[in-house]
Structures are given as structure tokens and as C-alpha cells.
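Notes for the structure review
As a plain string of letters, each chain reads:
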Amino acid sequence: MMYQVVNPATGKLEREYPTATDAEISDILGRAERGYASWRRSQKAERADILRRVAQLYADRAGELAAIITREMGKTTAEAQGELEFTVGIYRYYADHGPELLKDEPLASNTPGTAWVRKSSIGALLGIMPWNYPYYQVARFAAPNLMIGNAIVLKHAPQCPESALAMQQIFRDAGLPEDAYINVFATNEQVATMIADPRIAGVSVTGSERAGSAVAAAAGQNLKKIVLELGGSDPFIVLDSADLPTVAQAAAAARMENGGQACNASKRMIVADGVYEEFIREFTKAMAAQVTGDPTDPGVNYGPLSSERAAQILMEQIDDAVSKGAVVHTGGHRVDRPGAFVEPTVLSGVTPEMRAFSEELFGPAAVVYRVPDADTAVELANSSAYGLGGAVFSSNEELALDVADRLDVGMVWINQAEGGGPELPFGGTKRSGVGRELGPLGIDEFVNKKLIHTAPGEQ
């Protein structure tokens, strides 16, 4: 495994970084243990002040930080800046609300005396983060856990070494003790070693189903707490609408966020009979209008996929569907230019024997299904092994709420494309993972919820 920056817009190798030695891994685990022993004794107000400074440093350095991830994974400059704004918001949210979220919770009890639950830290945590949102994904793991008093060992994606080092520097510059957050360029074998080590108390993974399964197996064998945020194939259900062109535009925007490389992007458009023809016409038009090219160009909607291999995998899925009878309404090919570019693609007629029916399409490609009614829409939506999020569009609020309630997902958006905010919990069900991040639930995962009970008359 190599940690290297390969610009997906050009295919050019720009920089390489060595992986850690086994001796360095052992040293990092010792540092994390000592860092936790010190950081856990800090006051909540001190932690909040540091997170507030972290947020400000992200804001101050937004230009250079955005340029780094555009080089690393091809995100457009505009979307990179948007990611940084969200990242700033996450650190500020936990700085502002963390002390309140960690307050003791009194318990009503028939047992004489006074009882409450105190939330406290559990140790050093290992974070394994993906390439698609290099700053945001780390923030939603690091911010609440540093607020709790846990220490962090952060293993980023091999294609994100520059952003990984930039984040570590921000924590240093904000005044966080250096052993409370440690970046590590580890191999998969070294990750397994760290999970097994008693100095690591828990593991958080955002990534593929394959990576999540491997980490979950290792963590389970070693009795470690885990949070897994994995893949998604989110349904975008359209039952009716007075303004289908606007809904179709929202669907295209939801599908094309981050070049289609978002786990919670709308990937399956499930549309009722009565509005199908107009929707697919307008949706195809909106997808075809997407402009790709140099991700630093302000006129570009989406850039390259994150790597040449990612582009190849997406094309294999599209070609498989087409070879078995799927209809291509727009796209379906590589873009004729250097780099990992794929045309925005709309498929219909996708059936269960095609890979596109059951696999996550991680790029600028969408599948549109035609269904007779809401019940069939729910059945098709729930047929996926994934259960991250979904959207439901209908002018009948009661029907929309009923459909939302029946979806086997962790998040539902009604009459709006999928979104989010620092205060809103994020996570899914089924093969999309376990646990929640962000909001009040995100600070409740890696904590010791300790019961404290005093005898009558004692304080």
C-alpha cells in the first residue's frame, strides 16, 4: 500500500509518502495511550475552546485546503469549498453544544437515594476514513470524540495523505496536545494490529462494505466498540408532483453531488406510472446538461472520478446493464479526454440479473424505475441490501409520511433532496452500517454511560 497523490484529472503522480514501520505503529499506540491519559482530564470548556479554534483555522485556510482535495480526489473547487464550510460547522456545533450534550442525566428511581448517568470517555479510538469527503468525514468522527475526551489515531485513505497531514497540523496549531490526535499512514495489516491492541478502545470506519466487514470482524474478535458508515443505494421516490421539472432538477443535483461519489446520494429514481414519462424526460435533460472537465474551472459541474480504477468499475457496471438489455437515455461512455472522466448516465429497464440493480453505482450514473403505486415503490426501495437514506416526493403529505415510515433506512427526506447538517444524525441500517454520527446521537457512541448512585442523604 502506498500513500500517494495521483491527480485523477490528469493521471499524474504528484507525491508519495512512506507507510509507517511496525516500530512506528507501536510508538504511536504508546503515544495515544499517554495522550488519552492526559486529555481525558481536561475540562469540557477547554475542549470546546480548542474545537472552536480548529473551526476557525479551517475557515482561515479554506483556499489551500480546498486545493489539496481537488488534487487528491478530483472534487471541484466549489464543492471542496462547500465541504470545508460543512466541516467548520461540525467543529463549531460540538464546541457550542458539546458541554450541554455531555451533562449528567438524572434518573427517576424507586431505589432510595439519587441516581444519574454520567457520560465519560473510553480511550484512544482508531478512525479509518475514506477519500470522498476528506475533511468532513474526519470532522464528524473527531469533533464529538475529542469533545468527549477520547484520543484519536487517524488512518486516512491512501490517496489523501496531504489532507491528512494538513488536518493534523490544524489540531496542533489549535492547541490540541499532539498525542490526542495522531495521523498514521498504516497498511491494512497494521490496522489489524492496532484493532487488536488493548490500547485502542474502539474503531470507526467510513468506507466500503468490504472494508467495514473486515474491520467489524477484527473488532468483534477483540471485543471493541465500532461505528460503521458504509455504502448506500438510496431511493428517490416520486409519487406525484405539481412541478416535475423542479423535482427532476433536484434528483439530478442529488445524484451528481461530489461527482456521484457520495454514499448517501440518490442513486435509484423510483417513479410512479402517472408521472414517469415526464420525469425521465426532464431528469435525462438535467443529467445531460452536467458539464465535466478541469475541476478547478468554475464552469464545471463535476470533475473526474477519484481514480482510474473507480472509472473502470463504473463503466463495467454500465456495460453489464446495457449488454443485458438496459436502456441508456444519456451518457454511457467515458469522456474523450485524459483523466478518470465518465459521462453522466441515465439507465432504465434495469433488472435483477444486472449488476446495476443490486450494486452501488459510485459515480455519475443513475437508474430510473417505473412503478404502479406507492406500495410497489416501497417494496422496490426496500429490496436493496443497503439502508442509508432516501427521499419521498408527493403532494399528499399523509401518503409521503406513510411511505417514509415504511422505508428500511436511517434517514428520510420528504419533498426535498437528501441533505444534512451538523445537528442532524447521520447513519443507516442493513448493509449500510451501524451507529450514528453528527447531532446529539453522534456524541453518544464512544462514551461510557456510567451510572452513579448515592445513598439517601449523601451528595
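Structure first, text after, so check above.
Along each chain, residue indices are assigned from 1 in the same order as the chain's sequence is written. Since the coordinates come from a predicted model, pLDDT governs what is reported: local features require at least 70, and pairs of side-chain atoms require 80 or more to be given and counted, while whole-chain, interface and lining totals use all residues. Excluding hydrogens and water, the side-chain values take into account all heavy atoms of the structure.

**Observations regarding unusual backbone geometry**
Residues apart from glycine generally show negative phi values, whereas peptide bonds are mostly found in trans. Here asparagine 415, not a glycine, exhibits a phi torsion of approximately 55°, which is positive. Counting through the fold element by element, asparagine 415 comes out in the loop between strand E17 (411–414) and strand E18 (429–430). Even without being a glycine, leucine 438 presents a positive backbone phi close to 70°. Turning to its location among the elements, leucine 438 is positioned in the loop between strand E19 (433–434) and helix H15 (439–442). A 1.4 Å probe rolled over the protein chains alone gives each residue an accessible area, and that area as a share of the maximum for its type sets the label: buried under 20%, exposed over 50%, partly exposed in between. Using a relative accessible area of 2% as the deciding quantity, one classes leucine 438 as buried. Helix and strand assignments follow DSSP, with helices taken as H or I runs no shorter than four residues and strands as E runs no shorter than two, numbered in order from the N terminus.

**As for the environment of valine 215**
Along the chain, the position of valine 215 falls in helix H8 (residues 209–221). With 59 residues separating them along the chain, valine 215 and histidine 156 place their C-alpha atoms 14 Å apart. Residue contacts are counted whenever heavy atoms from the two residues lie within 4.5 Å of one another. Non-local contacts of valine 215, meaning those with residues more than four positions away in its chain, are made with Ile128, Ile195, Val203 and Val205.

**Topic: the sheet that holds strand E11 (residues 266–272)**
DSSP bridges decide pairing: two strands pair if at least two such bridges lie between them. Strand order in the open sheet formed by seven strands is E12-E13-E14-E11-E10-E16-E17, and the pairing between neighbours is mixed. Edge positions in the sheet fall to strand E12 (327–330) and E17, since each has one partner strand and no second. The average angle at which neighbouring strand axes cross in this sheet is 25°, direction not considered. Relative to strand E14 (residues 365–371), E11 is paired through five bridges, and the arrangement is parallel. Following the sheet pairing, arginine 268 is matched in E14 by valine 367. Each axis is a line fitted through C-alpha atoms, taken for helices only over the stretch in contact, and angles between the N-to-C directions span 0 to 180 degrees. Where helix H14 (residues 397–406) meets the sheet, it contacts strand E10 (234–238), strand E16 (389–393) and E17, and its direction lies at approximately 165° from that of E17.

**Observations regarding the sheet that holds strand E4 (residues 114–120)**
Within a sheet, adjacent strands bond to each other through the backbone by hydrogen bonds, running parallel or antiparallel. Taken in spatial order, the three strands make up an open sheet running E3-E4-E20, and their pairing is antiparallel. Of all strands in the sheet, those with a lone pairing partner are strand E3 (105–107) and strand E20 (448–454), marking the two edges. For this sheet the average axis-to-axis angle between neighbouring strands, irrespective of direction, equals 30°. Pairing geometry for E3 and E4, over three bridges, is antiparallel. Paired with leucine 107 across the two strands is alanine 115, which belongs to E4.

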